[in-house]
Amino acid sequence: MIGGSEFTMDKKGGDLSQYFGKTARQNKQAELPVHTAEDPYLSVNGELVTWGEVDTHIDLLMLNSPLHIPPEATADEVQQIIANTRAKYAEKLANMYVRNALFAQLARKEGITISSNELESAIADSMSRLPENKRRKISDEVYAKDTFFKRDLENYQLTLKYRQQILSTNIVVSAEEIAGAKRLREVEIHDAIATNLTLRPRMEGWLKEIRAGKRDFAQTAFDFSDCGSAADEGDMGEFDRDCVLLSPLKDFVFSSSTNVLSDVLETPYSYNIVKIIERTYDRDDDTPEIPVTAHIAQIMLEKVPVPEPLDDDSARKFVFSKKLGVATVELQRIQLKAAKIQSAVKIKILDKKRPSAK
């Protein structure tokens, strides 16, 4: 439910906590509806969520998510960035909440419930998925105050139970569907292997041309690399000896070799050509010939994951999961058409305009 990296400071090191918890009334720069804690945020078939509930949860998200503040930003601009981020969270949370709330309402009609122990277990499970440094920042007391989080989590657990106890009971997987899934998986495995077999020859061809001066490394990275560094012409920045590069790459980068261009390097996930832009050395080190840092660039072609073959049991589970997903989407479409939803923010999953909450 809560993601992102820990955030309490901007890039200049200034404390931004003073800006948290601002409503549009307090932050006049924000182009948001003015609201108080008691004002309606969202209503799903008459079940009301107030702005006070969701603002509390957004405060929690803001404290545990990254914000990118330009170094030259003024105080008013910082407030505007934070207000815009809060607005995005408000829309995202509303869309997620509607999905869970509609299924939870169906579940309750079927007599499905969530006990307090089950809810506490779900909260503990959500907490356990957070990095330890986040868990230290978010206490049980914070969760106890965040009624929006607890309501949405309860609705989600009811959704899971409804899918398991109601929707899944109507799904039948035939022998023909199992056989078809196995055949399709065989084709997927064949295609993935065939694609991966083309990657090394492509890289070898590029490397030969680069070494012969017939191809530009940076342009090839920009045009063809699957790495996110492609936009920077393959430039990955500077790394030190404790970096997390995979061993074939790291072995080349931090070797005693003076080569600036690697051979084609293979990892479990990719083929890579690494270029050394600059190495730095510590002559007082025990191994002065081994670089301490290296500025590198790369061209990378990502391998297509080769799926596992399916036996009868795994094929049945695969088909069942797909059919359950289709049934869930179809039921959700029907629910959305029939639902009475009022929202103070945009609900993107709706297929027609809905009135705003008033």
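Just so you know, these numbers come straight off a predicted model, no measurement behind them. (Residues numbered from 1 in each chain as written. Predicted model: local features only at pLDDT ≥ 70, side-chain atom pairs only at ≥ 80, totals over all residues. Heavy atoms only, no water.)

*Asks:* Where do I start with unusual backbone geometry in this structure?
*Replies:* We note that N45 has phi near 50°; this positive angle belongs to a residue other than glycine. Here N45 lies in the loop between β1 (40–44) and β2 (47–50). For N45, a relative accessible area of 38% puts it in the partly exposed group. Even without being a glycine, E233 presents a positive backbone phi close to 60°. The residue E233 is located in the loop between α9 (217–224) and β3 (235–240) in this model. (Helix = DSSP H or I, 4+ residues; strand = E, 2+ residues; numbered from the N terminus. Buried < 20%, exposed > 50% of the residue type's maximum accessible area, 1.4 Å probe, protein only.)

*Asks:* Where do I start with the sheet that holds strand β6 (residues 291–302) in this structure?
*Replies:* Strand pairing in a sheet takes place through backbone hydrogen bonds and is either antiparallel or parallel in direction. The sheet built from four strands is open, its strands ordered β3-β6-β5-β4 with antiparallel pairing. Single-partner strands in this sheet number two, and they are β3 and β4 (265–266). Sheet topology note: the β3/β6 ladder contains five bridges and is antiparallel. By the bridge assignment for β6, F239 is matched with A294. On top of the sheet, helix α8 (residues 199–211) reaches β4, β5 (270–281) and β6; it is set at about 125° to β6, its chief contact. (Pairing = 2+ DSSP bridges. Contact = heavy atoms within 4.5 Å. Axes fitted to C-alpha atoms, helices over the stretch in contact; angles between N-to-C directions.)

*Asks:* Would you explain the sheet that holds β2 in this entry?
*Replies:* Taken in spatial order, the three strands make up an open sheet running β2-β1-β7, and their pairing is antiparallel. Every other strand in the sheet has two partners, leaving β2 and β7 (341–343) as the edge strands with one partner each. Here the average twist between neighbouring strands, direction ignored, is 15°. Alignment of β1 against β7, held across three bridges, turns out to be antiparallel. Residue pairing across strands places S43 opposite Q342, the latter belonging to β7. Packed onto the sheet, helix α1 (residues 51–63) meets β1 and β2 and runs at close to 55° relative to β2.

*Asks:* Could you clarify how one ought to interpret α9 in this entry?
*Replies:* Helical geometry note: an α-helix holds 3.6 residues per turn, so side chains three or four residues apart project in the same direction. Residues of α9 that are buried: F217, A218, T220 and A221. Here the buried residues of α9 occupy an arc of 165° about the axis, which is enough to place them on one side. Put simply, D216 is the residue that caps the front of α9, since its side-chain oxygen is 3.3 Å from the backbone nitrogen of A218. (Arc of directions from axis to C-beta. Polar contact = N/O pair within 3.5 Å; in protein donor to acceptor, adjacent residues only side chain to side chain.)

*Asks:* Please clarify how the packing of aromatic side chains should be interpreted in this entry.
*Replies:* Aromatic ring pairs: the centre-centre distance and the angle between the two ring planes describe each pair. If you walk through the whole model with that rule in mind, you get five aromatic pairs. Judged by centre distance (5.0 Å) and plane angle (65°), the ring pair of Y41 and W51 falls under edge-to-face. Here Y41, found in strand β1, pairs with W51, found in helix α1; they are ten residues apart in sequence, far enough to count as distant. Each of the two residues, Y41 as well as W51, counts as buried. One aromatic cluster is present, formed by Y41, W51, Y97 and F148 through successive ring pairs. One cation-aromatic arrangement involves R185 over F318; the distance from NZ or CZ to the ring centre is 5.4 Å. (Phe/Tyr/Trp six-rings, centres within 6.5 Å; stacked < 30°, edge-to-face > 60°. Lys NZ or Arg CZ within 6 Å of the ring centre and 35° of its normal.)

*Asks:* Just to check I follow, could you spell out the pattern of salt bridges for this structure?
*Replies:* Any two side chains of opposite charge can pair, so long as their charged atoms come close to each other. Counted by the stated rule, this structure contains 15 salt bridges. Here E188 ties to R185 by a salt bridge, and the two come within 3.1 Å at their closest N and O atoms. Taken together, the positions of E188 and R185, both in helix α7 (residues 175–197) and three residues apart, correspond to about one turn of that helix. A salt bridge links E266 to K303, with the nearest nitrogen and oxygen atoms 2.7 Å apart. In this pair, E266 is assigned in strand β4 and K303 in the loop between β6 and α11 (312–338), connecting sequence segments 37 residues apart. On the accessibility criterion, E266 (38% relative accessible area) is partly exposed. Among the charged side chains, a salt-bridge network with shared partners connects R200, E204, E266 and K303. (Salt bridge = Lys/Arg side-chain N within 4 Å of Asp/Glu carboxyl O.)

*Asks:* Sorry if this is basic, but what is going on with the nonpolar core here?
*Replies:* Note that soluble globular proteins tend to have their nonpolar side chains buried in a common cluster. Grouped together as the largest cluster of nonpolar side chains are 29 residues, with contacts concentrated most on Y41, L42 and V98. Elements that contribute at least two residues to this core include exactly β1, α1 and α2 (75–109). Of the residues forming this core, the biggest block, ten residues, is contributed by α2. Setting aside chain neighbours within four positions, we find L42 in contact with E47, L48, V49, A94, Y97, V98, I341, Q342, S343 and I347. (Core = buried A, V, L, I, M, F, W, Y, C linked by side-chain atoms within 4.5 Å.)

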